[in-house]
Amino acid sequence: MTVTPRLRSVIAATLTVGAVLGATVAPAAADPARDAPAYQKYVALGDSYTAGPLIPWNSTWCFRSNNNYPAWLATDLGIYYEAGAFQDVSCSSADTSNLSLPQPTPTPELNLASQSPQLDAVTLDTDLVTLGMGGNDYGVFGSIITCGDYRDQDPTGAPCRDHYTVNGVDTLSAALDNTGRNLERSVDLIKERAPGAKVVLVGYPRLLPPTGYCPDVVPFADGDYAWADFLNRKLNAVMKRAATGNDATYVDVYGPALGHDACAGDAAWVRGQWTDLFAGVSYHPNAAGMRATSKIVLNALGEQRVAGATAPKTRPDGARSNREQQRWLREHPDAVLPTDDAPVGAR
C-alpha cells in the first residue's frame, strides 16, 4: 500500500536488519507425463497486499516475501522451482501506473533502486497473470489506515469519513470509480502483451468485522469502521467489474475472509495497527492470510484437488508428484531432497 509515515519508519528499521534471501533447492525429478503443470509461465503483478512486506523473508527493496500468495500459488501449481516458470514482480507501494512506469524503491525520497515497470515481466508466452493492485491509486488505502488519527475527535462518530467528505462528496469513494477505470486499462495492457494468458484479478481481504469493534487493534472511531469497510468492499467491486468486463477472472478474498479480519485475534489474516519486523506490516496480510489467499486463487483456477491436499509430514519420495515435493520443500526449508544417487540429508 501507500508509504505512510508508519510504513516509512518500518522501512527505515528494516534497512538495519537487511534483506534475506530464501533458500532454493531443486526438487527431485518427477514423471512429466503424470505431473505436467497446468501453467508454463506465471507472472504475479501487484502492490504490498501481494508482495507481503516483512513476512519472512523479503528479498528486494520492494519488500517482497517468498511466502506471499504468488509464491505459494506457484508452489501448489508445481512451478515454483521450475526455471523461468514463475516471476513475481509485485512491489510494495505500487499503483497501477507502475505497470507501465518505473518505481523508485523503497520510497521516492529514499530511492535505492528503481524497479522496472511490472508489465516488462509479461511476455507473449506468459499463460497466467495475477494482478492484486488498485488500493494505492489516489492514496485511498493509505488514507483509510490513518483513520486512527481522527478517533479522538468523535470516538462514536465517523470523523475520518467526515474529513474526506468535501462539499457533500465522499472523495475516497469517488476516487475508487477512477481506480476501476485504471484497472480496466491495466487488464487491456496485460492482454496486449500476453493475449493467450489467463488473467486473474485477486481482490483485497476483509480488514474489519461486519459488526463490533476492537479499538486496541484497529483504533478507528466506531462509525469509521462501517465506512472503511464500505471502501474495502467498493475497491473489490471495481476490481470485479474491471475483470468481468474484460474477459478476465475476479477472485473474491473478502468473502472467504469473514471471521479473519484484523479483530479476529489468532484467526486474523490481516494485521491491525502494530507492525512486526518479522511478521508483517500494520494493516497488511500476515503469513496465514497469504497462504489462505493462495488456496482461494488455486481453487478458482480449478485446482481443487491440490488445494485440498496438505504437505506430507515426511519427505515425499520420487514416486510422489512434483507438486507434492515442491509443497513439502516450501514447508520444510531446511530439508534437502535427494538426487537420484544421493541420500536425503539436512543442513
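Treat the numbers as computed from the prediction; the structure is a model and nothing was measured.

Caption draft 1: Region of the structure containing the sheet that holds strand β2 (residues 86-88). If you trace the five strands from one edge of the open sheet to the other, you get β2-β1-β5-β8-β9, paired in parallel fashion. Every interior strand has two partners, whereas the edge strands, β2 and β9 (249-251), have only one. The mean inter-strand angle of the sheet, taken between neighbouring strand axes irrespective of direction, is 20°. One ladder, built from three bridges, connects strand β8 (residues 198-202) with β9; its direction is parallel. By the bridge assignment, Val-200 is partnered in β9 with Thr-249.

Caption draft 2: Quick look at the side chain of Asp-88. Here Asp-88 lies in strand β2. Lacking a salt bridge, the buried Asp-88 has Arg-64 as its closest oppositely charged neighbour, with an N-O distance of 4.3 Å. A polar contact is formed between the side chain of Asp-88 and the side chain of Asn-68, at a distance of 2.8 Å. In this view, Asp-88 contacts Ala-44, Arg-64, Asn-68 and Pro-70; residues no more than four positions away in its chain are not counted.

Caption draft 3: Summary view of the pairing of strand β5 (residues 128-132). Across the five residues of β5, five count as buried, placing the element largely inside the fold. Of the two faces of β5, the one carrying Leu-128, Thr-130 and Gly-132 and the one carrying Val-129 and Leu-131 are both buried. Bridge count between strand β1 (residues 42-46) and β5: five bridges; the pairing is parallel. Bridge assignment links Val-43 to a residue of β5, and that residue is Val-129. Of the strand pairs in this sheet, β5 and β8 are connected by four bridges, and their pairing is parallel. If you follow Leu-131 over to β8, its bridge partner there is Leu-201.

Caption draft 4: Up close: helix α8 (residues 287-300). Over its 14 residues, α8 extends 20 Å from the first C-alpha to the last, a length consistent with the 20 Å expected when each residue adds 1.5 Å. Among all positions of α8, only Gly-289, Met-290, Arg-291, Ala-292, Thr-293, Ser-294, Ile-296, Val-297 and Leu-298 are buried. With a side-chain oxygen positioned 3.2 Å from the backbone nitrogen of Ala-288, the residue opening α8 is Asn-286.

Caption draft 5: Up close: the packing of aromatic side chains. In this structure the tally under the stated criterion is 12 aromatic pairs. Seen from their ring centres, Trp-61 and Phe-63 are 6.4 Å apart, and the 70° between their planes marks the pair as edge-to-face. For the pair Tyr-80 and Tyr-81, a centre-to-centre distance of 5.0 Å together with 85° between the ring planes defines the contact as edge-to-face. Site record: aromatic cluster; members linked through ring pairs are Tyr-42, Tyr-80, Tyr-81 and Phe-86.

Conventions adopted
- Residues numbered from 1 in each chain as written.
- Predicted model: local features only at pLDDT ≥ 70, side-chain atom pairs only at ≥ 80, totals over all residues.
- Heavy atoms only, no water.
- Pairing = 2+ DSSP bridges.
- Helix = DSSP H or I, 4+ residues; strand = E, 2+ residues; numbered from the N terminus.
- Axes fitted to C-alpha atoms, helices over the stretch in contact; angles between N-to-C directions.
- Buried < 20%, exposed > 50% of the residue type's maximum accessible area, 1.4 Å probe, protein only.
- Lys, Arg positive; Asp, Glu negative; His and termini not counted.
- Salt bridge = Lys/Arg side-chain N within 4 Å of Asp/Glu carboxyl O.
- Polar contact = N/O pair within 3.5 Å; in protein donor to acceptor, adjacent residues only side chain to side chain.
- Contact = heavy atoms within 4.5 Å.
- Expected span 1.5 Å × (residues − 1).
- Phe/Tyr/Trp six-rings, centres within 6.5 Å; stacked < 30°, edge-to-face > 60°.

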